[in-house]
Amino acid sequence: DAEPCEHYTFTPNKTYVGNLIIGETYIEPQGVSTVINHSTGDKAEIDYKIRGWSGKNKEEIHGVIKNSLGEPKYHIYGKYSENFILKNLETEEEKEIWTAPSYPENHVLMYGMSSFSLQLNLLTDKLREKLPPTDVRLRQDMRAWESGLQ
């Protein structure tokens, strides 16, 4: 018996780069992201709040998950730097569904990359033997950046 498949489409929100010329540069998602489950008709709309001058909404998300009839069933909220909470609108039950990853000791020097993101370029001895000398993972500046030395 094959397990049923689900078909999703994802509409990303925009990415904003702030303080590009003056101040501390930052990158943040803004606007609405939509996920549709075409198998069930369920739809999630997640709004990544704009930071604004005061920083009041920094890293906040709010969203609604609706069934195929368009009826709101869940509310999702939180901060993408902390956690997401899912609230069942019928039972009022809340559940933490995602927690932000921890960061390595020198994450500020590594452009705020998480341990997971840094491991995407993990270079084992076995892999090194198979790579061409032009592979970007062999660049010394890349290695220094990932180690927080640059």
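Structure shown above.
Residues numbered from 1 in each chain as written. Predicted model: local features only at pLDDT ≥ 70, side-chain atom pairs only at ≥ 80, totals over all residues. Heavy atoms only, no water.

**Q** Summarise a nonpolar patch on the surface; cite the residues concerned and give the values.
**A** On the surface, Val17, Leu20, Ile21, Ile22 and Ile27 cluster together to form a nonpolar patch covering roughly 610 Å² of accessible area. Looking at where Val17 falls in the secondary structure, it is placed in strand 2 (residues 14-18). By relative accessible area, which is 39% here, Val17 ends up partly exposed. (Patch = residues over 30% accessible without salt bridge, like charges linked within 9 Å, V, L, I, M, F, W, Y side chains within 5 Å. Areas by Shrake-Rupley, 256 points an atom, 1.4 Å probe, with all protein chains shown as cover. Salt bridge = Lys/Arg side-chain N within 4 Å of Asp/Glu carboxyl O. Helix = DSSP H or I, 4+ residues; strand = E, 2+ residues; numbered from the N terminus. Buried < 20%, exposed > 50% of the residue type's maximum accessible area, 1.4 Å probe, protein only.)

**Q** Which residues make up the nonpolar core, and what values do they have?
**A** Membership of the largest hydrophobic core is limited to six residues, which are Ile46, Tyr48, Ile61, Ile76, Phe84 and Leu86. Of all the secondary-structure elements, those providing two or more residues to this core are strand 4 (43-48) and strand 7 (83-88). Those residues within four positions of Ile61 in sequence are excluded, and the remaining contacts are Ile46, Asp47, Tyr48, Ile76, Tyr77, Gly78, Tyr80 and Phe84. (Core = buried A, V, L, I, M, F, W, Y, C linked by side-chain atoms within 4.5 Å. Contact = heavy atoms within 4.5 Å.)

**Q** Explain the pattern of salt bridges residue by residue, including any values.
**A** For the coordinates displayed, the defined rule picks out eight salt bridges. A salt bridge links Arg51 to Glu28; the nearest nitrogen and oxygen atoms lie 3.3 Å apart. With Arg51 in the loop between strand 4 and strand 5 (60-66) and Glu28 in strand 3 (residues 26-37), the pair connects residues that are 23 residues apart, well separated along the chain. The same class applies to Arg51 as to Glu28, namely buried. Between Lys87 and Glu92 there is a salt bridge, with its nearest N and O atoms 3.0 Å apart. Taking the relative accessible area as the measure of exposure, Lys87 reaches 22% and is therefore partly exposed. Shared partners join several salt bridges into a network, and the residues in it are Glu71, Lys73 and Glu90.

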